[in-house]
Amino acid sequence: MHKVVSSHLQQFVKEQSINGLEESKQFEQFSNFSIVYKFYPTRFDISAITSQEDDCGIDGIAFIIDGELVTTLDEATKILDRPKKNIIVDIIFVQSKRSEKFDRGDILKFGNGVSDFLSDSPYLPQGEFIKSSKDMFDEIINHVHKIAHGKPNCHLFYVTTAIYSLEKEIEATFKIIQQDIHRSGYFDKVKVSPVDRDELVKLWSLTYLGVEAKFEAKGYIPYPEITDIDQAYIAIVPAKNFVESVLSDKDGKLRTFIFQENVRAFLGQENPVNKMIQQTLIEENGRVRFGILNNGITIISPNVKVQSDSIYVENFQIVNGCQTSNVLYENKNILSDETMLTVKVVEATDANVISDIVRATNSQTKVEDIQFLSLKPIIRKVEEFFAAVAEDSDEEVKLYFERRDRQFVGKGIPDKRIFDIKECSRAVASMFLERPDLAARYPTQMLAELNEDIFDERNKEIAFYTASLALYRIKLMIGNKKLPYNFGKYKWHMLMCIKYLICKSKGPDLKSPKIEGFCKKIIEVCNETTDENFSYFKRAEDIINQAGQVDRDKLKAQSYAQALKKIINLSKT
């Protein structure tokens, strides 16, 4: 492997705490993460998109449905069942080789593997990862009537550490694969891309750099000084330039991740309000009056710079105006130079202030409480608790709670130490509410069902930290091969087992003062890597092995969790 790639790989391995894996597996995760991040630039579980076996010559598969990275059939079904049409779907296949050459035979194997994956009668061996991915693919095909252009898009990436030299034979091989995949009839667009050393390094670099944009302003007015707001402006902006500079990336694709803080997802062109916005843009007079007729967009950024005729924003989020933004993007070809947009630009870094702005700017119509998770009092307290504990923690167990998306981008914090609201909540649900079956499902479903139990403001923050710390320790042990590599799918169930093994009981209610002492026992075990502490995790592994390893569907059944508890109780006698 080339030394430059090797250096970047080692940094990735350190951040992901996977130094126990073989280099080939490390490189697969590195490639998958770097490529998929381009489509979905926020935190995600790399192991969920990486094959654990030599399946069909495919090392990674990712499904991006309606701007979301989908890793389970439940998730795919929930999103595709939304009352929305023209859903954009991108399916990504990756094959990674550490060699410093583009080998035609290996490239053909990759193409054959994808073709075999698409087949109703596959010939190549398929492990659990490929089978579950095929289930998601079939679900997408069953919903093609709701997908934009009637078919998903397909992207194939072949990665090596060589420099691509446009050899005719290799070029022709990629073209043949593209034609074969397109002839399957499953896809609207098919793109097969070689990723060489330089391109891989570039993609990796983008994962730790912030996003920035600079857009034109025909005029702007600053707000008077406001407490906890660094600066704020109301600007009149050419809509066409805003679409090109802010809403679109360098490839012209919509930056869906800039709407993470916006509590409403795009409701589709068929939504009555969005139809009205579109109709305004279609009519010539409407385009000219758009800035007056539309309520505009609100952007929050930690770094705003205003020049004479432009505004620069960094690591920004559109917290209000998701519908307007999407309709503008979809109708960018009919925008005229006279089409103006009102944009409110706010520079703020305080999470509480940002949450207040999000709530205020999204209060005009009903939004489900589940979409306001970051604004809940318990979440604010959990963030403060994590920060307080981190000040007194050794570097090896310092954890960070990500209340806002991309909160720690560019700060050099290993990904394994960052826990967002959904992951932290799944850990609490698994360990203390004993619902690992729900945690293994689509997170939104779990959060909706256990919303009141998890987010009761009387709950003790220490429970969120404890469950996250235990999950962090499990991830490290899997990454260091102290636990089997395929045990990633059992992590939620392991949390429940570890609690019983350490504390010998279900434990008090999350609101009870007694939960403090209960959690401290678990924290003590998870803080230090002694042989005695490690034995709890090995015993949890033994319990799972006694129950018999199961597929992901059975993990979602309550009966499996009950079977584990039964084994734990028998082991006490």
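See the structure shown above.
What counts, and where the lines are drawn
- Residues numbered from 1 in each chain as written.
- Predicted model: local features only at pLDDT ≥ 70, side-chain atom pairs only at ≥ 80, totals over all residues.
- Heavy atoms only, no water.
- Helix = DSSP H or I, 4+ residues; strand = E, 2+ residues; numbered from the N terminus.
- Rg over C-alpha atoms; globule rule 2.2 N^0.38 Å.
- Buried < 20%, exposed > 50% of the residue type's maximum accessible area, 1.4 Å probe, protein only.
- Contact = heavy atoms within 4.5 Å.
- Pairing = 2+ DSSP bridges.
- Right-handed = clockwise from strand over helix to strand, strands pointing away.
- Arc of directions from axis to C-beta.
- Axes fitted to C-alpha atoms, helices over the stretch in contact; angles between N-to-C directions.
- Expected span 1.5 Å × (residues − 1).
- Patch = residues over 30% accessible without salt bridge, like charges linked within 9 Å, V, L, I, M, F, W, Y side chains within 5 Å.
- Areas by Shrake-Rupley, 256 points an atom, 1.4 Å probe, with all protein chains shown as cover.
- Salt bridge = Lys/Arg side-chain N within 4 Å of Asp/Glu carboxyl O.
- Lys, Arg positive; Asp, Glu negative; His and termini not counted.
- Charge placed at Lys NZ, Arg CZ, Asp CG, Glu CD.
- Core = buried A, V, L, I, M, F, W, Y, C linked by side-chain atoms within 4.5 Å.

Asker: With reference to specific residues and values, describe the overall build of the chain.
Answerer: Looking only at helices and strands, one finds 23 helices and 15 strands in the chain. In terms of overall dimensions, the chain is globule-like: its C-alpha atoms have a radius of gyration of 25 Å, near the 25 Å expected for 573 residues. By its C-alpha atoms, the chain is 80 × 65 × 45 Å across when sized along the principal axes. For the chain, the proportion of its 573 residues judged to be buried stands at 55%. Within the chain, contacts between residues at least 6 apart in sequence are counted, and of these 72% link residues at least 24 apart.

Asker: Explain the pairing of strand 5 (residues 190-195) residue by residue, including any values.
Answerer: If a strand is regular, its side chains alternate between the two faces of the sheet. Relative to strand 5, strand 4 (residues 153-159) is paired through 6 bridges, and the arrangement is parallel. Among the inter-strand pairings, H155 is bridged to a residue of strand 5, identified as K191. For the crossover that starts at strand 4, traverses helix 6 (residues 168-183) and ends in the parallel strand 5, the hand is right-handed.

Asker: Report on helix 10 (residues 284-293), specifying residues and quantitative values.
Answerer: Turning to helix 10, its buried residues are G286, R287, F290 and G291. Here the buried residues of helix 10 occupy an arc of 150 degrees about the axis, which is enough to place them on one side. Among the exposed residues of helix 10, those oriented more than 90 degrees off its buried face are E284, N285, R289, I292 and L293. Contact partners of the buried residues in helix 10: helix 9 (272-282), helix 11 (322-330) and strand 13 (340-347).

Asker: Any chance you could break down the sheet that holds strand 8 (residues 231-238) for me, citing the residues and the numbers?
Answerer: If you walk across this open sheet you meet the 5 strands as 7-8-13-9-12, and the pairing is mixed. A single partner strand is all that each edge strand has here, and the edge strands are strand 7 (219-222) and strand 12 (317-320). With direction set aside, neighbouring strand axes in the sheet form an average angle of 25 degrees. By the bridge criterion, 5 bridges tie strand 9 (residues 297-301) to strand 13 in an arrangement that is parallel. Paired with I297 across the bridge in strand 13 is V343. Across the face of the sheet, helix 8 (residues 239-247) comes into contact with strand 8, strand 9, strand 12 and strand 13 while running at roughly 120 degrees to strand 8. In the packing of helix 12 (residues 351-361) onto the sheet, the strands contacted are strand 9, strand 12 and strand 13, and the crossing angle to strand 12 comes to about 45 degrees.

Asker: Run through helix 6, naming residues and quoting values.
Answerer: Counted at 1.5 Å a residue, the expected span for helix 6 with its 16 residues is 22 Å, and the 22 Å between its end C-alpha atoms agrees. Restricting attention to buried positions, one finds in helix 6 the residues I170, T173, F174, I177 and I181. Burial along helix 6 is one-sided: seen end-on, the buried residues are contained in an arc of 95 degrees. The exposed residues of helix 6 that point more than 90 degrees off its buried face are K168, E169, K175 and R183.

Asker: Can you break down a negative patch on the surface residue by residue, with the values?
Answerer: Side chains of D394, E524, E528 and E532 sit close together on the surface and give a patch of like negative charge. Following the sequence through the fold, E524 ends up in helix 20 (residues 515-527). Using a relative accessible area of 60% as the deciding quantity, one classes E524 as exposed.

Asker: Please set out the nonpolar core residue by residue, giving values where relevant.
Answerer: F44 and F432 are the most contacted members of the largest nonpolar core, which totals 100 residues. When sequence neighbours within four positions are dropped, the list of residues in contact with F44 reads F33, V36, Y37, I49, L69 and D415. One finds V70, F102, F117 and V192 within the second-largest nonpolar core, a separate group that totals 38 residues.

Asker: How would you sum up the side chain of T324? Please name residues and give values.
Answerer: Residue placement: T324 occurs in helix 11. Of the residues examined, T324 reaches a relative accessible area of 7% and is grouped as buried.

Asker: I'd like a rundown of the environment of D198, residues and numbers included.
Answerer: The residue D198 is located in helix 7 (residues 197-206) in this model. For the pair D198 and I163, spaced 35 residues apart in sequence, the C-alpha to C-alpha distance is 7.2 Å.

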